[in-house]
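Summary of the model geometry
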Amino acid sequence: MADSITITNNRTGETIEIPLVDGTVSARSWSSLLPGIWFDDPSFSATSGADSAITYLDGEAGLLRYRGYPIEQLAEQTTFLEVAHLLVRDKLPTVTQLKAWQSEIAEASPIHENFHKRILEGFRDDAHAMGVLVSSIAAMSTFWPDSKDIENPEQRRDETTRLIAKMPTMAASAHRRSVGLPYVFPDPELDYTSNFLSMMFKLGDSPYEVDPVLRDALDMLFVLHADHEQNCSTTTARVVGSAHADPYVTVAAAAGALYGPRHGGANEAVLRMLEEIAEFDNVDDFIAGVKTGDRKLMGFGHRVYKNYDPRARIVKDTAHRVFDVTGMNPLLDIALKLEEVALADPYFVDRKLYPNIDFYSGLIYQSMGFPVEMFTVLFTIGRTPGWLAHWDEMLSQDSRIARPRQRYTGPADRDVPSIDVR
Ligand code: ACO
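In this report, the structure presented in the accompanying data block is examined. What you see is a predicted model; the values in this text were computed from it and never measured.

Procedures and definitions
Counting of residues starts from 1 at the beginning of each chain's written sequence and follows it residue by residue. Confidence filtering applies because this is a predicted model: local features only for residues at pLDDT of at least 70, side-chain atom pairs given and counted only at 80 or more, and all residues used for totals across whole chains, interfaces and linings. Note that the side-chain values use all heavy atoms of the structure and ignore hydrogens as well as water. Here a salt bridge means any side-chain nitrogen of Lys or Arg lying within 4 Å of a carboxyl oxygen belonging to Asp or Glu. Note on conventions: DSSP H or I runs of at least 4 residues are helices, E runs of at least 2 residues are strands, and numbering of each starts at the N terminus. Burial classes follow relative accessibility: with a 1.4 Å probe on protein chains only, a residue under 20% of its type's maximum area counts as buried, one over 50% as exposed, and anything between as partly exposed. The aromatic pairing rule takes the rings of Phe, Tyr and Trp, using the six-membered ring of Trp, and pairs them if the centres are within 6.5 Å, calling planes under 30 degrees apart stacked, those over 60 edge-to-face and the rest tilted. Only Lys NZ and Arg CZ are tested; either one counts as a charge over a ring when it is within 6 Å of the ring centre and within 35 degrees of the ring normal. Take the number of residues in a helix, subtract one, and multiply by 1.5 Å to get its expected span.

What to know about the pattern of salt bridges
- Within the structure shown, the criterion is met by 17 salt bridges.
- Here Asp40 ties to Arg407 by a salt bridge, and the two come within 3.1 Å at their closest N and O atoms. Taken as a pair, Asp40 in the loop between helix H1 (27–33) and strand S3 (55–58) and Arg407 in the segment after helix H18 (375–396) lie far apart in primary sequence, 367 residues in all.
- As a salt-bridge pair, Glu276 and Arg295 come within 2.8 Å of each other at their nearest N and O atoms. Taken as a pair, Glu276 in helix H12 (residues 266–277) and Arg295 in the loop between helix H13 (283–291) and helix H14 (310–326) lie far apart in primary sequence, 19 residues in all.
- For Arg295, a relative accessible area of 32% gives the class partly exposed.

Given below as structure tokens:
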């Protein structure tokens, strides 16, 4: 059987055969037969927008790999900085490369003092940490004007390092300002995740004692969040980057997309949902409300996973390790019951709705002491190397500006009436 599709334009009788390449047909070949006819796919559900060598995802089988390595092995055997190196520098680092990479990151992690004084201090006291972070990332563009040289691979490499290095510093600062605590400067002696925890939670002059179990769990959560191919925020990064915007505004735009509750904002929404359900006995009523369409079961469902999200399985196992240190999160029982009820209910089974990565992650964050407003900020730290890997990959390819077509549904041609007769 030929690995191709044959289409016929019934208006002209013309036929073309289009080869199938890696499960895709070229829209350009298609368009040559159908000039002026567009594919109607508003949420890109049936559109491949990129050639990418970064992440492989099979949603039916529940598989996820970064550059060929299974997520389960990466979560178990590597640190976040190793995975960041894998994503943005194409390979897992050797011992020497990792040392050099850690030094580069440590060196680039401080942020300009004016940033604290003039930018962070300008927000309202009750500003949401994610709103502060998105704005802060965009503001970095004004501190690094050379970043506009996006066609220079060396410049892209420097900005990538800077963004990965500074993200935890900005994230922790967004938190400290909201709780009225003085900013903590990064400590180059600490590893990436211990340094972040120290900048978040350090009080007074004595060093912050990092619990290794909690540090490793958070580091692994960063690994699990590091990339997820063409999700909403990564697609945003590629679209904005395709206009040759600088990396700071590109990443700010991606973080803006992540903030939405249908995407990375779901971890916060899950926690608020669990708090609202509050009692084990309220689960059945809540599920009934979801089935009538009044509510969504946050942390469930995914555009591409039609099977258990492999990341969610790892997060669920990690939760128990964390609770051994922090004590049980009382909301866990409600989450487990929700999952049990949903996975046995035809509404969820027929729609292939399973827990996604956000269903259990918030419980872990809360137990570690992170306020709910920081949950999506944590996701942002994890996803930053992924966005930047895709941005760099796109710019290394022969990319064109992203510019879809539309199906016009407005009025036909008409004359502007004068203001007194409108
Ligand atoms: N609760 C209840 N019903 C749901 C849910 C949910 N969480 N998710 C999907 N459905 C239903 C839809 O209403 C639809 O039902 P219908 O066929 O009767 O109309 C059916 O399942 C198919 O869903 P779609 O809306 O087509 O799914 P889509 O791929 O467009 O949306 C999304 C995916 C946004 C993730 C959705 O499942 C959702 O809103 N989930 C809750 C938010 C969430 O957890 N987001 C995090 C996703 S993971 C991430 O981004 C990190």
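Quick word on the packing of aromatic side chains
- Scanning the entire structure with this criterion turns up 15 aromatic pairs.
- Here Phe300 and Phe359 contribute two aromatic rings whose centre-to-centre distance is 5.1 Å and whose plane-to-plane angle is 85°, an arrangement assigned as edge-to-face. In this pair, Phe300 sits in the loop between H13 and H14 while Phe359 sits in helix H17 (residues 358–368), placing the two residues 59 residues apart along the sequence. Across this residue pair, the class does not change: Phe300 and Phe359 are buried.
- Pairwise contacts between aromatic rings join Phe80, Tyr192, Phe196, Phe201, Tyr208, Phe222, Tyr365, Phe370 and Phe375 into one cluster.
- One Lys or Arg, Arg162, reaches over the ring of Trp144 and ends 3.6 Å from the middle of that ring.
- Sitting above the plane of the Tyr308 ring, Arg313 keeps its charged end 4.5 Å from the centroid.

Here we look at H12
- Taking 1.5 Å of rise per residue, twelve residues should cover 16 Å, and H12 covers 16 Å from first to last C-alpha, within 8% of that figure.
- The element H12 is extensively covered by neighbouring structure, given that nine of its twelve residues are classed as buried.
- Residues of H12 that are buried include every one of Ala266, Asn267, Glu268, Ala269, Val270, Leu271, Met273, Leu274 and Ile277, and no others.
- Taken from the residues just after H12, Ala278 is the one with a positive phi, measuring 60°.

Bear in mind that shape data such as this cannot, by itself, settle questions of function.
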